[in-house]
Amino acid sequence: MDNNFIHNSIHEHGHVMEVEKVLHMTSGEGEYSYSHNSTLQRTVISKVRPMLKKTVSALYSKENFPQYFTVADLGCSSGPNTLSPTYEMVDAIVGLCRETGHAPPELLVFLNDLPSNDFNTGFRSLPDFYNMLKKEKGDDLGPCFIAGMPGSFYGRLFPSKTLNFVHSSSSVHWLSKVPQGIDNNKGNIYMGKTSPHNVFVAYLEQFQSDFSLFLRSRADEIIPGGQMILTFVGRNISDPIIGNCCEIWELLAKCLLQMAAEGLIEEAEIDKFNLPHYKASREEVITIVEKEGSFVIDLLETFEVDLDFHDNDENKNYVFDKYKCGQDVAHFIRAISESLLAHHFGDAIIDDLFERYAERLGELLSMEKTKNFNIVISMTRK
């Protein structure tokens, strides 16, 4: 971690919770794990796959088929999605070398996430992954080395000018810390319809600061002409409280308030808790990239994914089940937020909280199709 990196924190219980040490997707392979509840993120990765493969192929060719090619996947998490982008990048390069008759490069892939990430689950799958690549690609596959790089991507992770390509999916919407000065965000755990104006300003300013630092750090690490593709949750309108931008987190806050009314938790504890998360608009993203100045935007696209991830174009026989849908989406939200909630409120309330949440989500999704809006941006280092 860069020595200039400031530890990021949420103030709570009179002491400081460091997001870098606490935030992680739910580990292991159990019922509530991220490994078993990351179908939506897998759908996002599959939507970006054509752009990823095309970009990596073009970059490798543009760099005149270098002998060594180094990539980093930032926010890799754990579970079945961890090695999926790596496979697509390897497949693209091997395919290009086959077509052109060039010898395959030595590939170095860094998997990055916060230190509290369940790296072991990913590492345990590496022998099978290597065997699958060798079986599928044969002699067309050059040496491939996959390593972990724990640390916050809001700061330097790699030596200067060592990366050819950077990929990140479903990660950059997590902030380095909860915005400061939002103690008046009563009854909310994120931006909500009842949040004071200063809360929205503080969240935007925190995203501007974090994303600018992310870009500066990658600019130091990526070689000139190297490229980067980022996909993250955003919003499709300028006003952050219109539509369903905040709705999912507002429902969770209502469940917490209900538990406080029943004496199961203190309402004051809810008032102290806010999520380190931000859904940016495409305009906000473009403005920050242009102001920071290290990258040229090659392409910026947006797409939506149903929060009820079973309801998609491929599932022709889908029948809506309010109970199952509520459970599935609650498990997905639990897998990404449980570490923060359990740290603040304690483990004991988590099962009850998400049972209530599943019921409310089932009601919401029975009335409207809720979409997850995603931004994907492809950039080149100047």
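What counts and how
- Residues numbered from 1 in each chain as written.
- Predicted model: local features only at pLDDT ≥ 70, side-chain atom pairs only at ≥ 80, totals over all residues.
- Heavy atoms only, no water.
- pLDDT = per-residue confidence, 0-100.
- Contact = heavy atoms within 4.5 Å.
- Helix = DSSP H or I, 4+ residues; strand = E, 2+ residues; numbered from the N terminus.
- Expected span 1.5 Å × (residues − 1).
- Buried < 20%, exposed > 50% of the residue type's maximum accessible area, 1.4 Å probe, protein only.
- Arc of directions from axis to C-beta.
- Core = buried A, V, L, I, M, F, W, Y, C linked by side-chain atoms within 4.5 Å.
- Phe/Tyr/Trp six-rings, centres within 6.5 Å; stacked < 30°, edge-to-face > 60°.
- Lys NZ or Arg CZ within 6 Å of the ring centre and 35° of its normal.
- Salt bridge = Lys/Arg side-chain N within 4 Å of Asp/Glu carboxyl O.

Draft legend 1. Summary view of the confidence of the model for the protein. When pLDDT is averaged across the protein, the result is 88; 91% of the residues are at 70 or more. This model gives residues 1-16 a pLDDT under 50, and the stretch forms 39 contacts once residues within four places in sequence are excluded.

Draft legend 2. Quick peek at helix H5 (residues 126-137). Given a rise of 1.5 Å per residue, 12 residues ought to cover 16 Å, and the 16 Å separating the end C-alpha atoms of H5 matches this to within 8%. Where H5 is concerned, the buried positions are Leu126, Phe129, Leu133 and Lys137. The arc that holds every buried residue of H5, seen down its axis, measures 60°, which confines them to one face. Residues of H5 that are exposed and point more than 90 degrees away from the buried face comprise Asp128, Lys134 and Lys135. Buried positions along H5 lie against helix H3 (84-100), helix H4 (119-124) and strand S5 (144-150).

Draft legend 3. Structural view of the nonpolar core. Counting 118 residues, the largest nonpolar core has Phe211, Phe214, Val285 and Tyr357 as the members making the most contacts within it. When residues in this core are grouped by element, the largest group, 11 residues, is from helix H10 (residues 322-345). With sequence-adjacent residues up to four places away left out, Phe211 is seen in contact with Tyr154, Val172, Leu230, Val285, Ile288 and Val289.

Draft legend 4. Examining the packing of aromatic side chains more closely. Taken as a whole, this structure holds 14 aromatic pairs when the rule is applied. Seen in terms of ring centroids, Phe153 and Phe214 are 5.2 Å apart; in terms of plane orientation they differ by 85°. Their pairing is edge-to-face. Within this pair, whereas Phe153 is found in the loop between S5 and strand S6 (163-169), its partner Phe214 is found in helix H6 (residues 197-221), the two being separated by 61 residues in sequence. Here Phe153 and Phe214 have matching classes, each one buried. Note on Phe354 and Tyr357: the rings are 5.8 Å apart at their centroids and 80° apart in plane angle, and the pair reads as edge-to-face. Of this pair, Phe354 and Tyr357 both sit in helix H11 (residues 350-367), three residues apart, which is roughly one turn of that helix. Assessed through its relative accessible area of 0%, Tyr357 is described here as buried. Across the ring face of Phe214, the terminal group of Arg218 is positioned such that the distance to the ring centre comes to 4.9 Å.

Draft legend 5. Layout of the pattern of salt bridges. Taken as a whole, this structure holds 19 salt bridges when the rule is applied. The shortest N-O distance in the salt bridge between Arg98 and Asp140 comes to 2.4 Å. Here Asp140 lies in the loop between H5 and S5 and Arg98 lies in helix H3, a separation of 42 residues in the sequence. One salt bridge in this structure joins Lys137 and Glu136, with 2.9 Å as the shortest N-O distance. Since its relative accessible area comes to 5%, Lys137 is described here as buried. A single salt-bridge network, built from bridges that share partners, covers Arg49, Lys53, Glu88, Asp91, Glu136 and Lys137.

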